[in-house]
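Residue-level structural notes
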Amino acid sequence: MASELKKLGFQVKEKIGGHGVVGVLKNGPGPTVLIRADMDALPLEEKTGLPYASKARGINAAGNEVNVMHACGHDIHMTVFVGTAQALVKTKNDWKGTLVMVTQPAEENGLGADNMLKDGLFNFAPKPDYAIALHDNSYLPAGTIGYRSGPFMASVDMMDITVFGQGGHGAAPHTTIDPVVLSAEMILAFQTIVSRMINPIDPAVVTVGSIHGGTVHNIIPDDVKMQLTLRSYKPEVRENVIASIRRISEHYAKAAGLPDDKMPRISIREPMTPATVNDANLTARLVGLFRNTFGESKVVETDPYMVGEDFSRFVMPDNSVPIFMFWLGTLAPETIRMAKEKGEQLPSLHSSQFAPVPEPTIKTGVKAMSVAALNLFNQ
Ligand SMILES: [Zn+2]
Ligand SMILES: [Zn+2]
């Protein structure tokens, strides 16, 4: 990515916050527009059967060698990014301002954007007046754009809980405090947080994605470990969810007869990813532009999702930068029609079967990003 930007005449800085790259192109007085793409892949073996399917291998967080693929389509984002940079350099005489192009690592674990900001991204690049990004979408046809004004993607917290007990013989449960049964009770009680403790109008998700405890059939273990993902839009809903998990965990542990020094240990990974909220004015402006560019029927409003994106960080800590992220359709209309006919689910993002149609997807992405930047430069 750095060499592509250098070739085009950008001032480039590499290795910001890990593998982050930024290119700056100063082209006279005018607004500063930031375009962001992410680069990371996922530990999955690609099963699309395409001739260009990924055969790449990488080292995962646990240090094991695994197959990797761009199951979230970040390769599309990078390709569109390069195409957009080329288009904007080619049309340099038609706009004035400063173009800041950022490719970030580690979007999937929510750390990449934050690492780049903390590592001085904006000591090198000027602070933007607008920040825009796209994400490929696994349900929309190629050639279409999806948008949502306001809340677009949720905030993400990763929580770790260790539930303690008092281990012993599986045949003598009365001499133990069983953390497996206690964890089961807690998990069911967590499911009443969203249904009973949160205003039904406010979206929230509590998912226990991982639970591990014990070694063999006949030992009651000393502890059980759980990993949760928590999603919401409003900060007060997030706080309510976290407080409820703490309260339920502690009181269930007490009810099981555990002493104060064996209360569940709860930790939330820092930093959490804030919700992605599209600026209303910027969204209206660029959606109008997309409608004129691609036609009314190619620009569709979508529901908000509970997935998360650390592009949300480009609003800056003081919330001063209007941001807009939109969906880029990736599928052949034929694929969508056939899935509907057969009543089958289409492969989602993060699926080993996710197979975007490259050319119309990338062309639409480059065109959308380029016209958006030109529009913002030319006020
Ligand atoms: Zn992803
Ligand atoms: Zn992604």
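Rules used in this analysis
- Residues numbered from 1 in each chain as written.
- Chains lettered and ligands numbered in written order.
- Predicted model: local features only at pLDDT ≥ 70, side-chain atom pairs only at ≥ 80, totals over all residues.
- Heavy atoms only, no water.
- Pairing = 2+ DSSP bridges.
- Helix = DSSP H or I, 4+ residues; strand = E, 2+ residues; numbered from the N terminus.
- Axes fitted to C-alpha atoms, helices over the stretch in contact; angles between N-to-C directions.
- UniProt positions renumbered as here; feature names shortened; annotations may be inferred.
- Buried < 20%, exposed > 50% of the residue type's maximum accessible area, 1.4 Å probe, protein only.
- Core = buried A, V, L, I, M, F, W, Y, C linked by side-chain atoms within 4.5 Å.
- Contact = heavy atoms within 4.5 Å.
- Donors = N, O, S within 2.8 Å, 3.2 Å for Na, K, Ca; no water.

Taking an unreviewed UniProt entry as the reference, the protein is identified by name as Putative amidohydrolase belonging to Persicitalea jodogahamensis.

Our next topic: the sheet that holds strand β12 (residues 204-213). Strands in a sheet are paired, the pairing made by backbone hydrogen bonds, and the direction either parallel or antiparallel. Spatially, the 4 strands line up as an open sheet ordered β12-β14-β10-β15, and their pairing is antiparallel. The sheet is open, and its two edges are formed by β12 and β15 (265-268), each paired on a single side. Looking at each pair of strands side by side, their axes are set apart by 20° on average, direction ignored. Pairing of β12 with strand β14 (residues 223-232), which is carried by 9 bridges, proceeds in the antiparallel orientation. From the neighbouring strand, H212 faces β14, where its bridge partner is K225.

The next point concerns the UniProt feature "binding site: Mn(2+)" (unreviewed entry) in the protein. In the numbering adopted here, UniProt assigns the feature "binding site: Mn(2+)" (unreviewed entry) to C72, H74, E108, H135 and H350. Spatially, the listed residues are clustered: although they cover 279 residues, their C-alpha atoms lie within 12.9 Å of one another. Tracing the chain through its elements places C72 in the loop between β5 (65-67) and α2 (74-90). Look at C72 and you get buried, because its relative accessible area is 6%. With respect to the element layout, E108 can be found in the loop between β6 (97-104) and α3 (112-118).

A word on the nonpolar core. Membership of the largest hydrophobic core comes to 39 residues, with the highest contact counts inside it found for I35, L99, I132, F290 and F324. Top contributing element to this core by residue count: helix α9 (residues 358-377), with 8 residues. In this structure, F324 is in contact with A131, I132, A133, Y147, N278, L282, T283, L286, V287, F290 and F311, ignoring residues within four places of it in sequence. Counting 26 residues, the second largest nonpolar core, distinct from the first, contains I193, I198, L258 and I266.

Now for the coordination of the zinc ion (ligand 2). Around the zinc ion (ligand 2), the protein contributes the donor atoms C72 (SG), H74 (NE2) and H135 (NE2), at 2.1 to 2.4 Å from the metal centre. Each donor residue of the zinc ion (ligand 2) lies on one chain, and together they are spaced C-x1-H-x60-H. Here the zinc ion (ligand 1) and the zinc ion (ligand 2) are spaced 3.2 Å from one another, each receiving a donor from C72. Here C72 matches H74 in class, with each residue buried.

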